[in-house]
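Given next are the chains, with one letter for each unit.
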Amino acid sequence: MSELTLETSIENFTKRFATSAELSRTGREVIPGGYSRNSFNFGPHAVYVEGGDGAYITTVEGHRLLDLNNNFTVNVLGHNHPSVLGALRKSIETGISFGNPVTLETELARILVDRIPSVEKVQFSCSASESCLSAVRVARGYTGKTKIAKFEGGYHGFTDPLQISVHPDPEQDCGPDAAPRSMPDSAGIPGEDRDNVIVLTQNDREGTEAILRAHAHQIACVILELESASGGFVTLDRDFVESLRELTTELGIVLIFDETVTLRASYHGMQSDYGVTPDMTVMGKMIGGGLPLGAIGGSSEVMDVLETGAVSISGTHHGHKIAVSAGIALMEEMTEETFARLNSMAERVISELNDWSEARNSPFAVYGSMSHLAYGYMLEPGLKVGTHRDYWRNVDGTRTQICSLELANRGYFPVARGDFSLSLPMTDDDIGGYIETVKEIVMDIER
Ligand SMILES: Cc1ncc(COP(=O)(O)O)c(C=O)c1O
């Protein structure tokens, strides 16, 4: 085989997915960029699907790919799970949309309350972006304070107050490592929103403490992902999270865990693996069974501002009947056993690929701790990525992109930036095939 370069991988990709290339082009005639989510971008263009079944998707070209994207972690049960389809059919037959509550909403709320240790009350929305926004409003209403503290590299949806310092441009002045500047990720975000965000550094105990103490009288909440993906895959250390819990309690700051993705880590959420109880939790992605649904949950004390009406949040489609019915069906499938199966598949991928890579002293590595993971090429082997900046300073973007393109070329569909998530219909052979294909790609790159 000739040398594998980004150019050859892109060339093979556009040939293999030629219809998608054309559809992306015609899409641009009516939609800026060609489609409504720029996260669909996969190198030169998106890959359009015809449909999905179990662990696989079929593209418009007729290629069957193992779906490692799973709508950015949503599809833990893969596609067309019979329980979810059954619940959807049943729910649709009794009406789609009402200006009245349905008991299904209470049922899903009860499932979440029973499972997630910190959640005593729940309020639904249509997406995690909305629910992150709701969580911040509740925290502001509860504390009477305005500022939001978040971590550089953390993603909490696309809204103005929160799409700040997710992917700050390293070419710009992003401030010192221990005290990053607040940088909007998009034009159109008002300066007030930027100024209301205080940016922290992941796993930096001293820097975080100094900043929170200095601004405690203004900070309503700290919002974080225990394991973040958007700005580089970073897992927070347990003692760091424990110290943050103590500090925020002492300073009267609402601690919010954004478990939109990490809920797939365990039956009780990733917070139970850390043994740390936040004041509020944001949920999304899988809880809607593939339909749009977000939720906030929290202690009765904090959520009481919604009960009294001091904080008002209400949306036409919040807690949508069809979405909650799919969510119930999905959550009922997610037992202790099915979480264990997902995690054991993840452990196999992590250990087999990292041991293999380490043995050949390759800078390729798999990051993460659960069924949502990321591969990345770093500049040197064995690098620990403890902060967003560790990632941006060390990632070999070109080689990581070649891995993604080649996976698609060879029958696997990850997220373009390198993360991938597992689903329950995947078999041991599927996982084994994926591991072997990644090894072949790495060997081709390092040839
Ligand atoms: C941790 C986290 N929070 C919030 C969101 C926003 O979710 P949504 O796109 O469903 O609004 C995402 C989406 O990727 C996420 O990963």
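Visitor: Help me understand the sheet that holds strand β10 (residues 254–258) in this model?
Guide: Pairing between the strands of a sheet comes from backbone hydrogen bonds, and it takes one of two forms, parallel or antiparallel. Spatial ordering of the open sheet is given by β4-β12-β11-β10-β7-β5-β6, a layout of seven strands whose pairing is mixed. The sheet is open, and its two borders are formed by β4 (121–125) and β6 (197–200), each paired with just one other strand. Taking the axes of each pair of neighbouring strands and ignoring which way they run, one obtains an average angle of 20° across the sheet. Looking at chain direction, β4 and strand β12 (residues 294–298) are connected through five bridges and run antiparallel. If you follow Lys 121 over to β12, its bridge partner there is Gly 298. Most of the contacts of helix α8 (residues 205–215) go to β6, to which it runs at about 160°, and overall it touches β5 (147–151), β6 and β7 (219–224).

Visitor: Please clarify how the site of the ligand should be interpreted in this entry.
Guide: In the vicinity of the ligand, 13 residues are found, and the nearest of them are Ser 127, Ala 128, Ser 129, Gly 157 and Thr 260. The greatest single-element share of the shell around the ligand, amounting to three residues, is contributed by helix α6 (residues 128–143). For the shell around the ligand, the class distribution of residues is five nonpolar, six polar and two charged.

Visitor: Could you clarify how one ought to interpret the nonpolar core in this entry?
Guide: Note that soluble globular proteins tend to have their nonpolar side chains buried in a common cluster. Ranked by internal contacts, the top residues of the largest apolar core, which has 124 residues, are Ala 135, Val 138, Ala 139, Cys 221, Val 254 and Ile 256. Shared between two domains, this core holds at least three residues of each, these being domain 1 (6–76 + 335–445) and domain 2 (82–333). If near-sequence neighbours (up to four positions away) are discounted, Val 138 is found in contact with Met 280, Ile 296, Val 302, Met 303, Val 305, Leu 306 and Val 311.

Visitor: How should I be thinking about the domain arrangement of the chain in this particular structure?
Guide: A common way to express how large an interface is: the accessible area buried when the components associate. Taken as a whole, the chain is organised into domain 1 (6–76 + 335–445) and domain 2 (82–333). A C-alpha centroid distance of 25 Å is found between domain 1 and domain 2. Listed by partner, the interface residues are 24 residues for domain 1 and 23 residues for domain 2. Breaking the side of domain 1 that touches domain 2 down by element, the ones donating at least two residues are α13 (336–359), β14 (372–377) and α14 (388–394). For the side of domain 1 that touches domain 2, the class distribution of residues is 11 nonpolar, 10 polar and three charged.

Visitor: Help me understand the packing of helix α15 (residues 397–409) against helix α16 (residues 428–445), please; the structure alone is not making it clear to me.
Guide: Two numbers describe a pair of packed helices, the interaxial angle and the distance between the axes. Remark: α15 packs on α16, axes separated minimally by 10 Å, with the N-to-C direction vectors making an angle of 130°. Between α15 and α16, the angle falls in the class oblique. Our pair here, α15 against α16, has a crossing hand that is right-handed. Listed contacts from α16 to Arg 399, Ile 402, Cys 403, Glu 406 and Leu 407 of α15 are Thr 437, Ile 441 and Ile 445. A class-by-class count of the residues in the contact of α15 with α16 yields five nonpolar, one polar and two charged.

Visitor: Quick question: what am I supposed to make of the pairing of β7 here?
Guide: Two faces make up the sheet, and in a regular strand the side chains alternate between them. The buried fraction of β7 is high, at six of six residues. By the bridge criterion, four bridges tie β5 to β7 in an arrangement that is parallel. Considered in β7, the bridge of Ala 149 is made with Val 222. Sheet topology places β7 next to β10; four bridges connect them, and they run parallel. Bridged to Val 222 within β10 is Leu 255.

Visitor: Sorry if this is basic, but what is going on with the sheet that holds strand β15 (residues 412–413) here?
Guide: If you trace the four strands from one edge of the open sheet to the other, you get β1-β2-β3-β15, paired in mixed fashion. A single partner strand is all that each edge strand has here, and the edge strands are β1 (49–53) and β15. Bridge count for strand β2 (residues 56–59) against strand β3 (residues 64–67) is three bridges, and the pairing is antiparallel. Bridging from a neighbouring strand, Thr 58 pairs with Arg 64 of β3.

What counts, and at which threshold
- Residues numbered from 1 in each chain as written.
- Predicted model: local features only at pLDDT ≥ 70, side-chain atom pairs only at ≥ 80, totals over all residues.
- Pairing = 2+ DSSP bridges.
- Helix = DSSP H or I, 4+ residues; strand = E, 2+ residues; numbered from the N terminus.
- Axes fitted to C-alpha atoms, helices over the stretch in contact; angles between N-to-C directions.
- Contact = placed C-beta atoms within 7 Å.
- Near = placed C-beta within 6 Å.
- Nonpolar A, V, L, I, M, F, W, Y, C, P; charged D, E, K, R; others polar.
- Core = buried A, V, L, I, M, F, W, Y, C linked by C-beta atoms within 7 Å.
- Buried ≥ 20, exposed ≤ 12 C-beta atoms within 10 Å, placed from the backbone.
- Domains from an automatic or database assignment.
- Parallel < 35°, antiparallel > 145°, perpendicular 65-115°, else oblique.
- Left-handed = near helix turned anticlockwise from the far one by under 90°.

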